[in-house]
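Here is how the chains run, residue by residue.
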Amino acid sequence: MPAADYEIFDPRFARLIHTNAGVERLYSGCRWSEGPAYFAAGKYLVWSDIPNDRVMRFDETDGSVSTFIAPAMNQNGHYVDREGRLISCEHRGRCVSRIEIDGTRTVLADRYQGKRLNSPNDVVVKSDGSIWFTDPSYGIDSDYEGDASPHEVEGCYVYRLDPATGALDAVATDFEKPNGLAFSPDERLLYIADTGLSHRVNGPRHIRVCEVAADGRSLGTGRLFATCETGLFDGFRLDSDGRIWTSSGDGVLCYHPDGTLLGKVHIPEVVANVTFGGPKRNRLYICGTTSLYAVMLNVRGATWPKA
Ligand code: MG
């Protein structure tokens, strides 16, 4: 029964789902699925299988799955920028890179104040073209999803990259393990997950929401938005009304912007990340450990605000 795929905590969630349309498993056979990004023009989705060092591609036109990039520098998070180029977080490259229109790879950022980054994890592109990403240590902590290596940068920061000048600024330095991140539809808020629980008992397992400064270049310290009760919030995306659809240990949780937990989409594996896709952006793609899942929603993913 498709309805069994959902848990409704708040009646408002019932309007966001189709109880006659359940969760579909589109592919299985990965070790750790992450980093989904949808190419609207190409009608396909790419996602990372980090320990297998490959990026996969799901073709929405015929349902086929193929290898998109391998070896893949243990890529993790992805985003498609306004020019339609793929932005990638590379664990093994310890950088954020971009695939140009001609197919070549450009390293956009790999050092902060002369020191190598840890292992960029997740990334979003703001409407002004700036690239915001998190840099926890997961890709240098072991050889499983990168190369085990010492830290060079003191901490695990959130960065803003100006691709026009190459300037890289740390916009948040007080997270333990900053992970997923996403802007509100008006870009006045930036939500950032902290998965520090992975390294410290009673460490953070929450999403913090920070105000973006009026000049669009820096952040306030923010406030706690939501705490994850099962597993960790890893990656997430917002819908066009500003709700947060986030990964967790046993499914996808949907939060109202006021912090109310509205509902859950059950997934039979730990979920790492999600993104909206499909011609109407109303299909939520879900990366859950070994598999790629999708569900049709009655809401559309957020896009860049109109200038
Ligand atoms: Mg992540």
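Note that the coordinates shown come from a computational prediction; the quantities given were computed from them, not determined experimentally.

Trainee: Quick rundown of the overall build of the protein? Include the residues and the values.
Mentor: Scanning the protein from N- to C-terminus turns up 1 helix and 27 strands. The C-alpha atoms of the protein give a radius of gyration of 18 Å, which matches the 19 Å a tight globule of 307 residues would have. Counting only C-alpha atoms, the protein reaches 55 × 45 × 40 Å along its principal axes. Expressed as a percentage of contacts within the protein between residues at least 6 apart in sequence, the contacts between residues at least 24 apart total 46%. Summed over all atoms, the accessible surface of the protein reaches about 12,500 Å², with 48% contributed by carbon and sulfur. Distance between charge centres in the protein, computed from 33 positive and 41 negative side chains, equals 3 Å.

Trainee: An account of the coordination of the magnesium ion is needed here, citing residue identities and associated values.
Mentor: For a metal bound by four donors in a tetrahedral arrangement, the ideal donor-metal-donor angle is 109.5 degrees, while six donors in an octahedral arrangement ideally sit at 90 or 180 degrees. Of the protein atoms, only Glu 34 (OE), Asn 121 (OD1), Asn 179 (OD1) and Asp 234 (OD) coordinate the magnesium ion, at distances of 2.1 to 2.8 Å. Here the donor residues for the magnesium ion map to a single chain with the spacing E-x86-N-x57-N-x54-D. Taken as a pair, Glu 34 in strand S3 (residues 33–39) and Asn 179 in strand S17 (residues 178–183) lie far apart in primary sequence, 145 residues in all.

Trainee: Tell me about the pattern of salt bridges, and please be specific about residues and values.
Mentor: In this structure the tally under the stated criterion is 20 salt bridges. For Arg 283, the salt bridge identified is with Glu 60, shortest N-O distance 3.9 Å. Taken as a pair, Arg 283 in strand S26 (residues 283–288) and Glu 60 in the loop between strand S5 (54–59) and strand S6 (65–69) lie far apart in primary sequence, 223 residues in all. Grouping residues by exposure puts Arg 283 and Glu 60 together as buried. Note that Arg 208 and Asp 174 form a salt bridge whose closest N and O atoms lie 3.2 Å from each other.

Trainee: Explain the sheet that holds strand S16 (residues 168–172) to me, and be specific about the residues and the numbers.
Mentor: Taken in spatial order, the 4 strands of this open sheet run S13-S14-S15-S16, and their pairing is antiparallel. Two strands lie at the open edges of the sheet, namely strand S13 (123–125) and S16, each paired on one side alone. When the angles between neighbouring strand axes are averaged without regard to direction, this sheet yields 25 degrees. Pairing of S13 with strand S14 (residues 131–134), which is carried by 3 bridges, proceeds in the antiparallel orientation. Pairing of Val 123 across the sheet is with Phe 133, part of S14.

Trainee: Any details on the nonpolar core? Residues and values, ideally.
Mentor: With 30 residues, the main nonpolar core has Ile 131, Phe 133 and Leu 219 as its most contacted residues. When residues of this core are traced back to their parent elements, those giving at least two are strand S8 (86–90), strand S10 (105–109), S13, S14, strand S15 (158–161), S16, S17 and strand S18 (189–194). Core analysis: the second largest hydrophobic core is formed by 19 residues, Phe 13, Cys 254, Phe 276 and Leu 284 among them.

Trainee: I'd like to hear about unusual backbone geometry, residue by residue, with values.
Mentor: Of note, the bond from Ala 70 into Pro 71 is cis; its omega dihedral lies within 30 degrees of zero at -5 degrees. Along the chain, the position of Pro 71 falls in the loop between S6 and strand S7 (75–80). Even without being glycine, Thr 289 reaches a positive phi, approximately 55 degrees. Here Thr 289 shows up in the loop between S26 and strand S27 (291–296). Relative accessible area serves as the criterion here: at 17%, Thr 289 is assigned to the buried category.

Trainee: Pulling in residues and values, what's your account of the sheet that holds strand S9 (residues 95–99)?
Mentor: Spatially, the 4 strands line up as an open sheet ordered S7-S8-S9-S10, and their pairing is antiparallel. Of all strands in the sheet, those bounded by a partner on one side alone are S7 and S10. The mean angle between the axes of side-by-side strands here comes to 30 degrees, regardless of whether they run parallel or antiparallel. Both S9 and S10 contribute to a ladder of 4 bridges, which runs antiparallel.

Trainee: Now, about the packing of aromatic side chains: what can you tell me, with residues and values included?
Mentor: In the structure shown here, the tally under the stated rule is 16 aromatic pairs. Taken together, a centroid distance of 5.8 Å and an interplanar angle of 65 degrees make the contact between Tyr 27 and Trp 47 edge-to-face. Note that Tyr 27 is positioned in strand S2 (residues 24–28) and Trp 47 in strand S4 (residues 44–49), a separation of 20 residues in sequence. Given the relative accessible area of 22%, Tyr 27 is considered partly exposed. Given a relative accessible area of 0%, Trp 47 falls into the buried group. Here Tyr 112 and Tyr 157 contribute two aromatic rings whose centre-to-centre distance is 6.2 Å and whose plane-to-plane angle is 85 degrees, an arrangement assigned as edge-to-face. Taken together, the residues Tyr 112 in strand S11 (residues 111–112) and Tyr 157 in the loop between helix H1 (138–141) and S15 connect sequence positions 45 residues apart. Both residues of the pair, Tyr 112 and Tyr 157, belong to the buried class. Among the aromatic residues, those joined into a ring-pair cluster are Tyr 112, Phe 133, Tyr 157 and Tyr 159. Here the basic side chain of Arg 57 rests over the ring of Tyr 44, its NZ or CZ set 4.3 Å away from the ring centre. One Lys or Arg, Arg 208, reaches over the ring of Phe 175 and ends 3.9 Å from the middle of that ring.

Criteria and cut-off values
- Residues numbered from 1 in each chain as written.
- Predicted model: local features only at pLDDT ≥ 70, side-chain atom pairs only at ≥ 80, totals over all residues.
- Heavy atoms only, no water.
- Helix = DSSP H or I, 4+ residues; strand = E, 2+ residues; numbered from the N terminus.
- Rg over C-alpha atoms; globule rule 2.2 N^0.38 Å.
- Contact = heavy atoms within 4.5 Å.
- Areas by Shrake-Rupley, 256 points an atom, 1.4 Å probe, with all protein chains shown as cover.
- Lys, Arg positive; Asp, Glu negative; His and termini not counted.
- Charge placed at Lys NZ, Arg CZ, Asp CG, Glu CD.
- Donors = N, O, S within 2.8 Å, 3.2 Å for Na, K, Ca; no water.
- Salt bridge = Lys/Arg side-chain N within 4 Å of Asp/Glu carboxyl O.
- Buried < 20%, exposed > 50% of the residue type's maximum accessible area, 1.4 Å probe, protein only.
- Pairing = 2+ DSSP bridges.
- Axes fitted to C-alpha atoms, helices over the stretch in contact; angles between N-to-C directions.
- Core = buried A, V, L, I, M, F, W, Y, C linked by side-chain atoms within 4.5 Å.
- Phe/Tyr/Trp six-rings, centres within 6.5 Å; stacked < 30°, edge-to-face > 60°.
- Lys NZ or Arg CZ within 6 Å of the ring centre and 35° of its normal.

Read these as spatial facts, not as claims about activity.
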